[in-house]
Amino acid sequence: MLDDVDRTELGRTLRTWRERLRPADLGLPTGTRRRTPGLRREEVAQVAGISVDYLTRLEQGRGPHPSDAVLGALGRALRLSTDERDHLFTLGGMRPPAPGTISAEPRPSLLRLMDRLTDLPVLLLNARTDVLAWNPLAAALLGDLSAVPPTERNTARQVFLGAGTRVGADDAAERDRLDRALVSDLRGAYARYPHDPGLIGLIATLEKGSERFARLWAERSVRVRHGDRKHIRHPQVGGLTLDCDTLHADADDQMLLVYSAAPGTPEAEALALLRVIGIEPDGGTNGPSGGQPDRAADGRATPTDGLTDHPIR
C-alpha cells in the first residue's frame, strides 16, 4: 500500500474512463434513452461487483480507501490497458501488481474476441483459474455469473470447497478425471509463478479445506489440456454435452474456454434457445439445476461446499 489516495483525481479519472465506453463494449444492451455519454454508474458497478453507492462516492472524491481487489475489478470493468490499470492503482494508493505475478486483468484483445462470439458461451480464465470475464450466453448456460463476489470467482475453489455447479460428471471416474486435470492446471501454474501470493494462498486454502485436493496435489501430476467434453444440467433446456475448447494467450497466460455443439444437434438447438431466453427469470446462480441458488451476488461465478459436481473449468 502507498501513502495516500488522490481521491479527487481518482474520481475524475474513473468518470472519464466510464464515459468513454459504450454498453456494447461490455456486451450490455444499449437501450434507447441515455442522458449521459458512455456507461451508466450502475452498469460499471454491476460488472465490477461493487455497489452503485460505492462507485458514486469514489467518483465524487469522497469514497473510502479502495482495496486492490476493488481497483482490479474496476480496471476489468473499464477495459483498462496495463499502463492505465497501474495508474489507477497508484491513484488509489495501492502498488500496481508486481512482475512475475498472475494478472487478474483481462487481456483487452481477448475481451474484444469474446464480444464477437455472441453465439457461443465463452469464459476467460487466468493461470490461477480465476474467472475474469464471461459473455451473456455463458451466463445463460451456467447461471447468473454476476452473483458471485470477485474474490470467490475461482474454479478450483468451487470444485473443492463448493456446493456444486451445473457442470458435472456422469460418474465417479469422469469426476476423478476432471478433478485431476484441474489440479494439474494449478501445478503447472505454480511452476511458472512460484511466488504469486494469490496462487500460494489459494493452494494453502485448498490443502487445508479439502483432503481430496491435498491428496491429488501431492501426486505432482501435470498434463496440458487443449479441449474436453463437459456435461451440463440446465433447469430449462435439460442435459447438454458440449465441446469445451481452450484457447491460450501466452502473453498474459490467460485462456478462453469456448463451449460449442455440432450444427443440427439437440445441443446446438438448446444453445440457440438460450440466446433467446437468457438467464433464467429467478436469477438463479451457477448452482446445480433444480436446487436453490447458491449464496452470492458482476457481469460477466458462486462459491460452493460439496464435491458432487465439477465447475465451469
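Per-chain numbering applies: the sequence of each chain, read as written, is numbered from 1 onward. Given that the model is predicted, a residue must reach a pLDDT of at least 70 before its local features are reported, and side-chain atom pairs must reach 80 or more before they are shown or counted; all residues, however, enter totals for whole chains, interfaces and linings. To get the side-chain values, take all heavy atoms of the structure and skip hydrogens and water.

A.B. asks: How would you summarise the packing of helix H9 (residues 172-192) against helix H10 (residues 197-209) if you had to cite specific residues and measurements?
C.D. replies: Axis lines are fitted through C-alpha atoms, for helices just across the contact stretch, and the angle between N-to-C directions can take any value from 0 to 180 degrees. Under the scheme used here, helices are H or I runs from DSSP no shorter than 4 residues and strands are E runs no shorter than 2 residues, and both carry numbers assigned from the N terminus. Interhelical geometry of H9 versus H10 gives an angle of 140 degrees and a closest axis separation of 11 Å. By the angle between their directions, the pair H9 and H10 is classed as oblique. In this structure, H9 meets H10 at a crossing whose hand is left-handed. Contacts from Leu186, Ala189 and Tyr190 of H9 reach H10 at Leu199, Ile200, Leu202, Ile203 and Leu206. When residues are grouped by polarity, Ala, Val, Leu, Ile, Met, Phe, Trp, Tyr, Cys and Pro land in nonpolar, Asp, Glu, Lys and Arg in charged, and all others, Gly among them, in polar. The residue makeup of the contact of H9 with H10, split by class, is 8 nonpolar, no polar and no charged. For classification purposes, an angle smaller than 35 degrees is called roughly parallel, one larger than 145 roughly antiparallel, one from 65 to 115 roughly perpendicular, and anything else oblique. Left-handed describes a crossing whose near helix is turned anticlockwise from the far helix by less than a right angle; the clockwise case is right-handed. Two residues form a contact once any of their heavy atoms are found within 4.5 Å.

A.B. asks: So, helix H11 (residues 211-219): which residues are in play, and what are the values?
C.D. replies: Buried within H11 are the following residues: Arg212, Phe213, Leu216 and Trp217. Seen from one end, H11 has its buried residues packed into an arc of 130 degrees, which puts them on one side. Turning to H11, the residues buried within the fold contact helix H8 (155-161), H9 and H10. Arg220 occupies a position one or two residues after H11 and carries a positive phi of about 60 degrees. A 1.4 Å probe rolled over the protein chains alone gives each residue an accessible area, and that area as a share of the maximum for its type sets the label: buried under 20%, exposed over 50%, partly exposed in between. Our arc is simply the arc of the directions from the helix axis toward the C-beta atoms.

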